[in-house]
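Residues per chain are reported as follows:
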Amino acid sequence: MTNPALISFGLLPPQAEVALQTHFTVHRAYAPDNPDEVIARIGASCRFAMAGGAAGPLTAARLALLPALEIVANFGVGYDAIDVATCVDRGIMITNTPSVLDDEVADTTIGLLLATIRRFPMLDRFIRSGAWANTKAPWTATLVGKRVGIVGMGRIGQAIARRLSGFTLAEVAYHTRRPVAGLGIRHQPDLVSLAREVDVLIVIVPGGPETNGLITREVLEALGPTGCFINVARGSVVDEPALLELLQTGKLGMAGLDVFLNEPRPDPRFFEIENAVLLPHVGSATHETRERMGALVIENLLAWKDGRPVLTPVPETPQSSIGAA
Ligand code: A2R
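Residues numbered from 1 in each chain as written. Predicted model: local features only at pLDDT ≥ 70, side-chain atom pairs only at ≥ 80, totals over all residues. Heavy atoms only, no water.

Draft legend 1. Local environment of the sheet that holds strand S3 (residues 48-51). Strand order in the open sheet formed by 5 strands is S2-S1-S3-S4-S5, with parallel pairing between adjacent strands. At either margin of the open sheet sits one strand with a lone partner, and together these are strand S2 (25-28) and strand S5 (93-95). If you compare each strand with its neighbour and ignore which way they point, the axes differ by 20 degrees on average. With 3 bridges joining them, strand S4 (residues 71-74) and S5 adopt parallel strand pairing. Across the sheet, the residue bridging to Ile-71 is Met-93, located in S5. Where helix H11 (residues 287-305) meets the sheet, its contacts fall on strand S1 (5-8), S3, S4 and S5, and the angle it forms with S4 comes to roughly 165 degrees. (Pairing = 2+ DSSP bridges. Helix = DSSP H or I, 4+ residues; strand = E, 2+ residues; numbered from the N terminus. Axes fitted to C-alpha atoms, helices over the stretch in contact; angles between N-to-C directions. Contact = heavy atoms within 4.5 Å.)

Laid out in structure tokens, this is it:
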């Protein structure tokens, strides 16, 4: 029996990619090929898709070229690049990779926070330039005694809060739409108030329409000239033009950014900003964690192929609402 056709919108980590090739006839819809040409050519035969890669969003137009599609297994916890409403309408299952990356993204967040406040990348450049021979190393701001606000207190937000509990901080508080029971951390229902109350604001919410522009100019201004803004969520969550302007004018103190509106080509004005530390969306990007995410993608696809319940359906397409093939 031949393996079922699967359209792949990106390359999985090595071990997961081998498993994918073993169980499916894989059609690649990403550069250097033209993804849309591949979808148009073989889309009609594909019941399976792997998303979350370099081919760009899985739009309604692309989904229309995949009439037999039953499941999209997303490589990543955030699935805002998939047109979820169309999938729900058509009864297409979506799975993602929650939990297996929480510790990695939380580690990245703490590293980015310290790099931003203590300006480690700038100090690294200072040594490499030879400047140390003639000038004392500049001093920086401190994290000690500061107040930290976290926007989003889900799996990753809580992993960040656990790490922060080991630091010497004045307070950790958080903002979500609904408070989380039994957390022992102060909930602030008003986001602008939280930004005003804290020195550091960390954002870790999903992307998509519900969080689009959540971090407004007003939030960033409330954080203020000594404030530190950390975004490990999605570029779409923040008013990026306002972020750029406030960093340039010093009305926002500093930023550590792992995500941008236009990836992988962020607004070049970011490259000129000294008070920002920039990462190329690497929150979960280690060999080990990426393989764990890849293994979960494979497990979800194989479960669907075998008529078993998938492991990690997204909330919009719960197991109960979708009949397996
Ligand atoms: O608002 P709630 O009670 O649904 O709390 C969720 C919060 N959240 C929001 N907070 C404020 N305003 C919003 N409009 C809003 N929408 C969602 O984000 C919850 O505390 C958190 C999401 O938690 P999880 O679903 O467990 O996501 P996880 O695994 O922590 O990942 C978060 C995102 C991913 O979707 C990627 O985009 C990124 O982190 O790496």
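Draft legend 2. Geometry of the packing of aromatic side chains. A full pass over the atoms with the stated rule returns 2 aromatic pairs. The ring of Phe-24 has Lys-305 lying over it, and the distance from NZ or CZ to the ring centre is 5.3 Å. (Phe/Tyr/Trp six-rings, centres within 6.5 Å; stacked < 30°, edge-to-face > 60°. Lys NZ or Arg CZ within 6 Å of the ring centre and 35° of its normal.)

Draft legend 3. Main features of the layout of surface pockets. The volume enclosed by the second largest pocket comes to roughly 270 Å³. Forming the walls of the second largest pocket are 20 residues, and the residues nearest its centre are Arg-125, Glu-274, Asn-275, Ala-276 and Val-277. (1 Å grid on protein atoms, 1.4 Å probe; cavity = no way out; pocket = protein on both sides within 12 Å on 5 of 7 lines; lining within 4 Å. Points joined across faces, edges and corners; volume = space filled by probe spheres on them.)

Draft legend 4. Representation of the state of the cysteines in the model. Tallied over the entire structure, the rule returns 0 disulfides. Cys-87 takes part in no disulfide bond, and the closest cysteine sulfur to it belongs to Cys-46, at a distance of 14 Å. Using a relative accessible area of 0% as the deciding quantity, one classes Cys-87 as buried. (Disulfide = S-S within 2.5 Å. Buried < 20%, exposed > 50% of the residue type's maximum accessible area, 1.4 Å probe, protein only.)

Draft legend 5. The arrangement of the sheet that holds strand S10 (residues 228-231) in detail. Spatially, the 7 strands line up as an open sheet ordered S8-S7-S6-S9-S10-S11-S12, and their pairing is parallel. Each having just a single partner strand, strand S8 (186-187) and strand S12 (276-278) make up the two edges of the open sheet. In this sheet, S8 lies alongside strand S7 (residues 171-175) in parallel orientation, the contact comprising 2 bridges. Looking at S8, one finds that Tyr-174 is bridged to His-187. Packing of helix H5 (residues 102-117) onto the sheet brings it into contact with strand S9 (200-203), S10, strand S11 (254-257) and S12, and relative to S10 it is tilted by some 150 degrees.

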